[in-house]
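# Structural characterization, general
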Amino acid sequence: MDKLDCTVAIIKNARSNRMGRKDILKVECDIDTLNLDVLAFIDHSITVNVIKAGEIVEKRALTLPQEIRDVLHCHNPRCITSIEQGLPHIFYLADAGREIYRCKYCDERYSERHRG
Ligand SMILES: [Zn+2]
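Fair warning: this is a prediction, and the values are worked out from it, not measured in the lab.

## A word on the packing of aromatic side chains
The tally for this structure, following the rule as stated, stands at three aromatic pairs. Between the aromatic rings of Phe41 and Tyr101, the centroid separation amounts to 5.4 Å while the plane-to-plane angle is 80°, which identifies the pairing as edge-to-face. Of the two residues, Phe41 sits in helix H1 (residues 36–42) while Tyr101 sits in strand S7 (residues 100–103), which places them 60 residues apart along the sequence. Of the aromatic side chains, those joined through ring pairs into one cluster are Phe41, Phe91, Tyr101 and Tyr110.

## Re the pattern of salt bridges
The full count for this structure, using the stated rule, is three salt bridges. Notably, a salt bridge pairs Arg60 with Glu58, separated by 2.7 Å at the nearest N-O pair. Using a relative accessible area of 27% as the deciding quantity, one classes Arg60 as partly exposed. In this structure, Arg98 engages Asp95 in a salt bridge whose closest nitrogen and oxygen atoms are separated by 3.1 Å.

## Looking at the sheet that holds strand S6 (residues 90–95)
Adjacent strands of a sheet pair through backbone hydrogen bonds, lying either parallel or antiparallel. Taken together, four strands build an open sheet; the order of strands is S5-S6-S7-S8 and the sheet is antiparallel. Both outer strands of the open sheet, strand S5 (67–69) and strand S8 (109–110), are each paired with one neighbouring strand and no more. Bridge count for S6 against S7 is four bridges, and the pairing is antiparallel. Its bridge partner being in S7, Leu93 is matched across the sheet by Tyr101.

## Overview of the side chain of Thr81
Structurally, the position occupied by Thr81 is in helix H2 (residues 80–83). The buried category is assigned to Thr81, whose relative accessible area is 6%. Contact partners of Thr81, with chain neighbours within four places excluded, come to Cys74, Leu87, Pro88, His89 and Tyr105.

Basis of the calculations
Here the residue index of a chain counts from 1 through its sequence in written order. Restriction of local features to residues with pLDDT of at least 70 applies here, the model being predicted, together with a cutoff of 80 or more for giving and counting side-chain atom pairs; totals for whole chains, interfaces and linings are based on all residues. Water and hydrogen atoms were dropped before computing side-chain values, which therefore reflect all heavy atoms in the structure. Two rings belonging to Phe, Tyr or Trp (six-membered ring only in the last case) form a pair when the distance between their centres is within 6.5 Å. Interplanar angles under 30 degrees mark stacking, angles over 60 mark edge-to-face geometry, and anything in between is tilted. Each helix is a run of DSSP H or I of at least 4 residues and each strand a run of E of at least 2, with the numbering of both proceeding from the N terminus. For this analysis, a salt bridge means a side-chain nitrogen from Lys or Arg found within 4 Å of a carboxyl oxygen belonging to Asp or Glu. Relative accessibility decides the category of a residue: with a 1.4 Å probe and only protein chains considered, values under 20% of the type maximum give buried, values over 50% give exposed, and everything between is partly exposed. The rule for pairing is simple: two strands pair if DSSP sees at least two bridges between them. By definition in these notes, contact holds between two residues if any of their heavy atoms fall within 4.5 Å.

Shape descriptors only; they carry no functional weight alone.
Below, the structure is given as C-alpha cells:
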C-alpha cells in the first residue's frame, strides 16, 4: 500500500447485538485499491465501512479468501518455495470452518494464527 491517499480507521470492539462485539474498519478511498483479502485473513469479522465525502456509502462484510498470495510463507524446508527463489507464495483455504490454509505446492498447513 504505497502512495495511497486514503484514510483508514479501525474501530475496535464496536457494539453489535448479533456478535457481541466487532471491529469496524473505515476506509476513505477507492476500496478496490485495498487488499481486502489480507484484511479478511487477519480478521474476517471486521466490517469495512467505505466513506466518501464524510458519509458511509457502503458496508462490506469480509469473508475468508479462497487463496492468499505472498502474505504467508511456507515453513516446510523441502517446499519448492523454500528452494526456488522468486516463486509466489500461495496458500489456499483448505477448511473454511476451521480456517485452515495450506501451501499450494506442498500442502503444508499454515499454523500460526494472527488473530486474537
Ligand atoms: Zn510449501
